[in-house]
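# Architecture and fold: a report
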Amino acid sequence: MSAQCCAGQLACCCGSAGCSLCCGCCPKIRQSRSTRFMYALYFILVVLLCCVMMSRTVANEMKERIPFYEDICKGIKAGDTCEKLVGYSAVYRVCFGMACFFFIFCLLTLKINSSKGCRAHIHNGFWFFKLLLLGAMCSGAFFIPDQETFLNAWRYVGAIGGFIFIGIQLILLVEFAHKWNKNWTAGTATNKLWYAALALVTLIMYSIAAGGLILMALFYTQKDGCLENKILLGLNGGLCLLISVVAISPCVQNRQPHSGLLQSGLISCYVMYLTFSALSSKPVEVALDEHGKNVTICVPDFGQDLYRDENLVTGLGTTLLFMCILYSCLTSTTRSSSDALQGRYAAPELEVARCCFCFGPDGEDTEEQQNVKEGPRVIYDEKRGTVYSYSYFHFVFFLASLYVMMTVTSWFNYESANIETFFSGSWSIFWVKMASCWMCVLLYLGTLVAPLCCPSRQFSV
């Protein structure tokens with residue numbers, strides 16, 4: 001029995017069909033979900049490798065514990081202390097290989113509408129060979145000639161791709177806010193309790209946003225000094241007030257009856273979160289007190305206690321960060337998210353109000369439920385059509401690879417970056433987060449103002 005299970009696990013490396021036929025100990029899973037899970041697993045493996053490469057602790061441990069470490073480094077031509085295998089340049093090369101991997105599959109899976117074709121089988125199977133291909137591409141990046149030119153050029157490509165990834169997430173957040181309000185507003189036609197639900201959620205979100213602004217004003221500003229923090233808090237608080245007033249203004253309401261405070265409340269919460277994240281990523285400011293000693297200013301007094309165990313904070317913070325990135329990738333690649341980015345929406349009269357409005361009435365995708373055909377272990381849910389866009393899925397992971405590359409290497413502060421000091425503060429990370437905050441506000445304002453500027457054009461949000 002154990003030999004049969006081992007053989008089944010080996011078959012899982014080649015494809016979902018082999019797994020379903022041979023592996024009696026595998027749980028049942030939908031083909032579309034198992035495919036996305038495997039690509040996400042590959043993504044996680046490369047991200048972990050990048051974190052290891054950016055760790056001074058790991059580099060020092062290897063140097064101390066591996067016999068003949070320097071001889072090995074010289075033998076593989078990685079430098080006297082394997083400096084070519086660690087640091088930002090190594091992360092750039094590895095992420096280049098991963099980005100190329102997903103970009104190739106993006107091109108390979110263009111315009112696939114059914115899982116029956118040859119290209120669809122390549123997308124949904126051959127996992128062992130894909131792992132070899134990914135490893136070969138990441139390793140091959142270390143042999144690119146003229147490394148300095150390559151790194152300088154790839155840095156700007158990574159920055160552009162990282163900002164596009166952030167932009168996609170912000171667009172989907174704005175679309176999510178509009179969809180939420182539209183769905184719950186549709187329920188008020190048949191049940192007035194939806195008005196109470198809208199009012200309660202809106203009140204909670206504005207309370208969170210206002211509370212966050214007050215707490216940041218208390219902990220990140222002082223009576224004397226901290227002028228920059230005061231300006232940023234005042235600016236972002238003013239922007240939240242602006243979008244709230246615009247959302248309920250008569251001219252916007254005439255063109256967009258579904259516009260309301262629910263959307264602006266959600267955007268305000270996210271703006272406050274980004275503001276807090278930016279302020280916590282800001283480099284520590286030091287000033288002299290009345291006794292002539294250096295003290296940190298414009299940060300919470302309990303901040304030093306939180307950062308006492310550097311390794312614990314680094315590990316937990318990095319894990320949470322990349323879990324959020326992975327979640328963003330997977331939620332961005334659903335069929336509904338892809339349709340939203342292309343401007344395709346369900347008709348308002350077809351909206352059915354429900355608490356979990358992101359999913360169909362019976363699960364994640366109604367279409368998926370209709371197309372289920374069970375095999376021994378794999379539920380083939382894409383016989384009539386794909387559940388998600390394959391090429392868009394790979395494109396989002398391509399952008400996520402670039403975003404991870406820039407994030408791990410502290411964006412433009414790459415030369416002094418390492419994973420241990422990732423959460424100690426960086427001006428690059430600070431301004432990227434602040435720029436994301438302002439971009440989110442501009443995108444939301446654009447959805448409100450665009451119908452006024454182009455009255456002849458029909459907008460769906």
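Given the structure is predicted, the values throughout are model-derived calculations rather than measurements.

## Some details on the overall build of the chain
The number of helices and strands found in the chain is 19 helices and four strands. Residue burial in the chain is summarised as follows: out of 461 residues, 45% are buried. Of all intrachain contacts in the chain linking residues separated by at least 6 positions in sequence, the fraction that spans at least 24 positions is 76%. Only carbon and sulfur atoms are counted for the fraction: they give 67% of the accessible area of the chain, which is about 23,800 Å².

## Here we look at the state of the cysteines
Within the structure shown, the criterion is met by one disulfide. Disulfide partner of Cys226: Cys298, at an S-S distance of 1.9 Å. Taking the sign of the S-S torsion, about -105 degrees here, the bridge from Cys226 to Cys298 comes out left-handed. With a gap of 72 residues between them, Cys226 in the loop between α10 (193-219) and α11 (227-247) and Cys298 in the loop between β3 (294-297) and α14 (303-306) connect regions that are remote in the sequence.

## A word on the side chain of His123
In this structure, His123 sits in helix α7 (residues 118-124). A distance of 2.9 Å separates polar atoms of two side chains, one belonging to His123 and the other to Tyr388.

## With respect to the packing of aromatic side chains
By the definition in use, this model includes 30 aromatic pairs. By the ring-pair criterion, three or more aromatic residues cluster together here, those being Tyr39, Tyr42, Phe43, Phe101, Phe102, Phe105, Trp127, Tyr388, Tyr390, Phe393 and Phe397. Here the guanidinium or amino end of Arg36 rests over the ring plane of Tyr388, the centre of that ring lying 4.5 Å away. Over the ring of Trp127 we find Lys130; its NZ or CZ atom is 4.0 Å from the centre of that ring.

## Structural notes on empty space enclosed by the protein
This structure, assessed with the given rule, holds one cavity of 30 Å³ or more. Of the pockets and cavities examined, the largest cavity occupies roughly 40 Å³. Around the largest cavity, the lining residues are Asn229, Leu279, Lys282, Pro283, Glu285, Ile297, Cys298 and Val299. Its residues assigned to classes, the lining of the largest cavity comprises five nonpolar, one polar and two charged.

## Structural notes on the environment of Ala199
Following the sequence through the fold, Ala199 ends up in helix α10. Given a relative accessible area of 46%, Ala199 falls into the partly exposed group. Once the C-alpha coordinates of Ala199 and Leu261 are considered, the two residues, 62 residues apart in sequence, prove to be 8.9 Å apart.

## Points about the confidence of the model for the chain
Do not read the predicted coordinates in detail wherever pLDDT is low. Averaged over the chain, the pLDDT score is 78; the fraction of residues at 70 or greater is 74%. Taken element by element, the chain is modelled with least confidence in helix α1 (residues 2-12), mean pLDDT 43, and with most confidence in helix α8 (residues 127-140), mean pLDDT 94. Scored below 50 in pLDDT, residues 1-12 makes twelve contacts in the model with residues more than four places away or belonging to other chains. Predicted confidence is poor over residues 303-308, with pLDDT under 50, and the contacts of this stretch with residues over four places away or in other chains come to four contacts.

## Considering unusual backbone geometry
Of note in the backbone geometry, Phe126 takes a positive phi value of approximately 60 degrees without being a glycine. Following the sequence through the fold, Phe126 ends up in the loop between α7 and α8. For Phe126, a relative accessible area of 41% puts it in the partly exposed group. The phi angle at Ser410 is positive, at roughly 60 degrees, despite the residue not being glycine.

## Points about the environment of Leu173
Examined against the element boundaries, Leu173 turns out to sit in helix α9 (residues 147-187). For Leu173, a relative accessible area of 17% gives the class buried. Taking the C-alpha atoms as reference, Leu173 lies 8.9 Å from Leu266; in sequence the two are 93 residues apart. Look past the residues within four positions of Leu173 in its chain and what remains in contact with it is Leu266, Ile267, Tyr270 and Cys440.

## A few points about the side chain of Ser259
Within the element layout of this structure, Ser259 appears in the loop between α12 (250-255) and α13 (261-280). Given a relative accessible area of 6%, Ser259 falls into the buried group. In this structure the side chain of Ser259 is engaged in a polar contact, spanning 3.0 Å, whose partner is the backbone oxygen of Ala247. Here Ser259 is in contact with Asn181, Ala247, Val252, Gln253 and Leu448, once residues within four sequence places are set aside.

## Observations regarding a nonpolar patch on the surface
A cluster of nonpolar side chains, contributed by Phe37, Leu41, Ile44, Leu45, Leu48 and Leu131, occupies part of the molecular surface with about 520 Å² of accessible area. Element by element, the count of residues in the nonpolar patch is highest for helix α3 (residues 31-53), at five residues. Tracing the sequence through the fold places Leu48 in helix α3.

Conventions and cut-offs
Residues numbered from 1 in each chain as written. Predicted model: local features only at pLDDT ≥ 70, side-chain atom pairs only at ≥ 80, totals over all residues. Heavy atoms only, no water. Helix = DSSP H or I, 4+ residues; strand = E, 2+ residues; numbered from the N terminus. Buried < 20%, exposed > 50% of the residue type's maximum accessible area, 1.4 Å probe, protein only. Contact = heavy atoms within 4.5 Å. Areas by Shrake-Rupley, 256 points an atom, 1.4 Å probe, with all protein chains shown as cover. Disulfide = S-S within 2.5 Å. Polar contact = N/O pair within 3.5 Å; in protein donor to acceptor, adjacent residues only side chain to side chain. Phe/Tyr/Trp six-rings, centres within 6.5 Å; stacked < 30°, edge-to-face > 60°. Lys NZ or Arg CZ within 6 Å of the ring centre and 35° of its normal. 1 Å grid on protein atoms, 1.4 Å probe; cavity = no way out; pocket = protein on both sides within 12 Å on 5 of 7 lines; lining within 4 Å. Points joined across faces, edges and corners; volume = space filled by probe spheres on them. Nonpolar A, V, L, I, M, F, W, Y, C, P; charged D, E, K, R; others polar. pLDDT = per-residue confidence, 0-100. Patch = residues over 30% accessible without salt bridge, like charges linked within 9 Å, V, L, I, M, F, W, Y side chains within 5 Å. Salt bridge = Lys/Arg side-chain N within 4 Å of Asp/Glu carboxyl O.

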